[in-house]
Amino acid sequence: MPIPSGTDRIRRRTERMPIDALVNEFIVGLYRFGREVSVDAFQPWALARLRQLIDFDAAMWRAGGNGPPPLESIHLDGQPAALMDEYVRHGWFAHDFLRARCAAEPGTTFSLGDLMTAQDWHRTPMYRDFACRYGIEWALCTHHVEPNLAVKSIVTLWRTDSGHLFTEADRVRMQAVMPHLVESMHANRMWFFANAGRAQGNGGRPAMGLCDRDGRLHDCSSRFTQLLRTEWPQWAGAMLPAPLVAQLGKGGFRGQLIDVDIEPLGGMWVLGLHAASVTRRLGARELQAARLYVKGLSYREIAATVGVAPATVRNQLRSSFSKLGVKSKLELARRLGPHGDGIG
């Protein structure tokens, strides 16, 4: 079935309709109270608030790419898990024209009623063989793309009364709040990450990330991608490197340059990423020279102590600075830590 359009008409109507005070109140509430909600409870909490702004009977909030979503990345409100299981496994994903229309223009909210009449909708196989069994009469859907990881967030609202269409005011409200739903969930996770980092108590906060069971990164702190690329310089996109994905559920990953602690959170995994200990990053001679250097010994003094030429010490220290990403003796001392091993 071709994808119905109507985008220009929707855009013209949106430009004529101002955002009301209830929308502003809703947005402020997301950021003001969202940090008090646990990560795994944020989506049901936010949807409960959204229901006060837009009337709906059930909803889906999921994250992922353009393909069929991993079931663990989906939050359903008011519908059984069987709905999404059937949607993915029985191929309805490929026949969902509302999803396809939203995917073609992320950021624009589309109502099913904008794309076809109730009579046409009821004649489709998707309605007869799937949607009607779950009471889905009308839908309102929005796709939002996170720019850094290109992770797509999708929120779909459903109504079960065929006479209760989503209005243009509903559509405009949803389009206005969708970026804030996504961003406030990101802020909620960053708040969680910051507290989790403080709780480590190991001298340095981990860079935090959140991924699904397939290894797709849903959110992360600013340092996470930087540290990840020290181990895998060519890594890009939302899918984590395969060696790291293979360790999901196994407690952690120990690489050449990074260590990753992995813990479950609902149907997701929380990743705490640290630079690997200095003893793993430096050779024995490099580590010995670095420890003596931060104690205040000169190149010549270090050379005399370990029995090598001063030029060799200079090369060892240059290599140590490069491997640890430091530029001064003070930074090197901080990186080595109080025990000279980079731990605590």
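This text goes with the structure placed above it.
Here the structure is a predicted model, which is why all the values come from computation and not from measurement.

## Notes on the overall build of the protein
Right, on to step 1. Broken down by element type, the protein carries 17 helices and 10 strands.
Right, on to step 2. Within the protein, the fraction of its 344 residues that count as buried is 49%.
Right, on to step 3. Residue pairs at least 24 apart in sequence account for 58% of intrachain contacts in the protein once pairs closer than 6 positions are excluded.
Right, on to step 4. For the protein, the exposed area adds up to about 16500 Å²; of that, 52% sits on carbon and sulfur atoms.

## Let's talk about the nonpolar core
Right, on to step 1. In terms of nonpolar packing, the biggest core is built from 52 residues, with Leu50, Leu157, Met174, Val177 and Leu181 touching the most fellow members.
Right, on to step 2. The residues contacting Leu181, other than those within four sequence positions of it, are Phe26, Leu30, Phe42, Ala46, Leu50, Trp61 and Met174.
Right, on to step 3. If you look at the next biggest cluster of nonpolar residues, it comprises 23 residues, including Val151, Trp235, Ile258 and Leu271.

## Focus: the sheet that holds strand S5 (residues 152–159)
Right, on to step 1. Here five strands make up an open sheet; going across it, the order is S2-S1-S5-S4-S3 and the pairing antiparallel. With one partner strand each, in any of the chains shown, strand S2 (74–77) and strand S3 (110–111) form the two edges of the open sheet.
Right, on to step 2. When S3 meets strand S4 (residues 138–145), the two strands line up antiparallel, connected through two bridges. For Ser111, the partnering residue across the bridge sits in S4 and is Leu140.
Right, on to step 3. Along the sheet, helix H3 (residues 42–51) makes contact with strand S1 (58–64), S2 and S5, crossing S1 at roughly 135°.
Right, on to step 4. Relative to the sheet, helix H4 (residues 81–89) contacts S1, S2 and S5, its axis offset from that of S2 by approximately 130°.

## Quick word on helix H2 (residues 21–33)
Right, on to step 1. Between the first and last C-alpha of H2 there are 18 Å, a value that for 13 residues agrees with the 18 Å anticipated at 1.5 Å per step.
Right, on to step 2. Val23, Phe26, Ile27, Gly29 and Leu30 are the residues of H2 that are buried. Seen end-on, H2 carries its buried residues on one side only, within an arc spanning 160°. Facing away from the buried side of H2 by more than 90 degrees, the exposed set consists of Ala21, Glu25 and Arg32.
Right, on to step 3. Between the side-chain oxygen of the N-cap and the backbone nitrogen of Leu22 there are 3.1 Å, and the N-cap of H2 in question is Asp20.

What counts as what
Residues numbered from 1 in each chain as written. Predicted model: local features only at pLDDT ≥ 70, side-chain atom pairs only at ≥ 80, totals over all residues. Heavy atoms only, no water. Helix = DSSP H or I, 4+ residues; strand = E, 2+ residues; numbered from the N terminus. Buried < 20%, exposed > 50% of the residue type's maximum accessible area, 1.4 Å probe, protein only. Contact = heavy atoms within 4.5 Å. Areas by Shrake-Rupley, 256 points an atom, 1.4 Å probe, with all protein chains shown as cover. Core = buried A, V, L, I, M, F, W, Y, C linked by side-chain atoms within 4.5 Å. Pairing = 2+ DSSP bridges. Axes fitted to C-alpha atoms, helices over the stretch in contact; angles between N-to-C directions. Expected span 1.5 Å × (residues − 1). Arc of directions from axis to C-beta. Polar contact = N/O pair within 3.5 Å; in protein donor to acceptor, adjacent residues only side chain to side chain.

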